[in-house]
Each structure stands twice: as C-alpha cells, then as structure tokens.
Amino acid sequence: MRRFLCFLGLLTFLLPRLGAQTIATLRTGDVLEMKLSGMPPEYASEFTLQYTVGQEGTINVPLIGEIKVVGLTSTQLERSIQSRLVAGKIFTQPTVIISIGAVARFVSVSGGVRSPQRLQWTQDLTLSSAIGNCGGISDFGKEKGIQIIRGAKIAGVYNLKEIRKDPSKDPQLLPGDQVIVPE
C-alpha cells in the first residue's frame, strides 16, 4: 500500500510536467512514409510507401485496409499497424516506422510583429522563438495579451515579459497554431 501511495504521489508530481511536452498528431493532408522490418524484404517492400491522410482522416494500408489516423501520434500509429499485422496473422513480429513529412506543417504569426508570416513548424518551436523569427514585436505591438489559437479555440494568453523572466513558461507551439500579437 505504501508503494502504491508513493507511486501515486510521483504521478501527481510528474503528470503536469509531462503534459507540458507537446507531440504533434496527424491531421488531414499530412504526408507520411511507412517502412517495415522484421519480415522478408520482398514483403516489407509492399508496405514501404508514402501515404497522404485523406479528408476522412484515414489511410489505406495494403492487407489491412483503411485506418483512422487523424489525432494519432506517429508512435500510436506504429503500434496500431503493428498490432493489426499481428492480429490479422499477416506477420508475426513486424516493426513499423512512420515518418511524417515536415513540409505540410506550419504556424501563423500575425498582428504586432515586424514581419507577420507563416513559419514552418519544428518540434522545438516555442512562442518566443516564433515571435523572434518574425523580427520581434513591432513598434506598435504589445507584449501582453498574446494569444495562441489552436483548433478554433484560444489555447492560452501570454505575456512575453513574463516568459523572458521565466523561460519555463514559454509554450511549445503545435502545427496549425495561430499566434496573434495585439497592436
């Protein structure tokens, strides 16, 4: 019982910190490449293809059929395909590797920045680095009240001065985010 309570306490401490880490999920229009190993190369080559996530949020994988992928991370998709290949008795120990194309992922920065633009998203892109990539706050821009719009909702309102004082408050951006700097 004591170990369980210690474990629960540790989870309570770590979960908020782990939740702060952002992982990109697949969305409509994303291009991904799948490679397989753990089987004869001639069979693996049938699956080594590029897939584009369709409007329905699915991809069509040989011998498996359509798989809903929107909202999944690449790791979740890898596990899903591996389990379907094993469950369908197609392969006994497949290893699936998914690579998501980076060209289809952007973040928009607008409003009171010197050079409003669409930036290519990377996993380490934060609010302050996105604003910096746009030339910083313009003469008429405000450092308070900066909004991140994610999925048609306000994901957060930030103050750049507070972020400079405490960089741990600098939020990571996700593909499709819109950063609006007030003027």
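Residues numbered from 1 in each chain as written. Predicted model: local features only at pLDDT ≥ 70, side-chain atom pairs only at ≥ 80, totals over all residues. Heavy atoms only, no water.

> How would you explain the side chain of Asp177 if you had to name every residue and give the values?
Relative to the helices and strands, Asp177 is located in the loop between helix 5 (160-165) and strand 10 (178-181). Here the side chain of Asp177 touches Arg150 through a polar contact of 2.7 Å, side chain to side chain. Those residues within four positions of Asp177 in sequence are excluded, and the remaining contacts are Phe106, Val107, Ser108, Ile148, Ile149 and Arg150. (Helix = DSSP H or I, 4+ residues; strand = E, 2+ residues; numbered from the N terminus. Polar contact = N/O pair within 3.5 Å; in protein donor to acceptor, adjacent residues only side chain to side chain. Contact = heavy atoms within 4.5 Å.)

> Can you break down the pattern of salt bridges residue by residue, with the values?
Within the structure shown, the criterion is met by 5 salt bridges. Measuring nitrogen to oxygen at the nearest pair gives 3.8 Å for the salt bridge that ties Lys35 to Glu33. Between Glu143 and Arg164 there is a salt bridge whose closest N-O contact spans 2.8 Å. Taken together, the residues span a long stretch of sequence, with Glu143 in the loop between helix 4 (127-133) and strand 8 (146-150) and Arg164 in helix 5 at a distance of 21 residues. (Salt bridge = Lys/Arg side-chain N within 4 Å of Asp/Glu carboxyl O.)

> Tell me about the sheet that holds strand 1 (residues 31-37), and please be specific about residues and values.
Taken in spatial order, the 3 strands of this open sheet run 2-1-5, and their pairing is antiparallel. Lying at the two open borders of the sheet, with one neighbouring strand each, are strand 2 (49-52) and strand 5 (95-100). Each strand axis lies, on average, 30 degrees off the axis of its neighbour in the sheet, ignoring direction. Pairing of strand 1 with strand 5 involves 6 bridges; the strand directions are antiparallel. Looking at the pairing, Ser37 lines up with Thr95 of strand 5. (Pairing = 2+ DSSP bridges. Axes fitted to C-alpha atoms, helices over the stretch in contact; angles between N-to-C directions.)

> How would you explain the sheet that holds strand 8 if you had to name every residue and give the values?
If you walk across this open sheet you meet the 5 strands as 7-6-10-8-9, and the pairing is mixed. A strand with exactly one partner marks an edge of an open sheet, and here the two such strands are strand 7 (117-120) and strand 9 (153-158). Pairwise comparison of adjacent strand axes, ignoring direction, gives a mean angle of 20 degrees for this sheet. In this sheet, strand 10 lies alongside strand 6 (residues 106-111) in parallel orientation, the contact comprising 4 bridges. When the sheet's bridge partners are listed, Ser110 is paired in strand 10 with Ile180.

> Talk me through helix 3 (residues 74-87); I want residue IDs and the actual numbers.
Here helix 3 spans 20 Å end to end across 14 residues, near enough to the 20 Å set by a 1.5 Å rise per residue. Here helix 3 has its buried residues at Leu77, Glu78, Ser80, Ile81 and Leu85. For helix 3, the angular spread of the buried residues around the axis is 165 degrees, confining them to a single face. Relative to its buried face, helix 3 has exposed residues pointing more than 90 degrees away, namely Arg79 and Ala87. On its buried side, helix 3 packs onto strand 1, helix 2 (41-47), strand 3 (58-61), strand 4 (65-68) and strand 5. Lys89 sits one or two residues past helix 3 and shows a positive phi near 55 degrees. (Expected span 1.5 Å × (residues − 1). Buried < 20%, exposed > 50% of the residue type's maximum accessible area, 1.4 Å probe, protein only. Arc of directions from axis to C-beta.)

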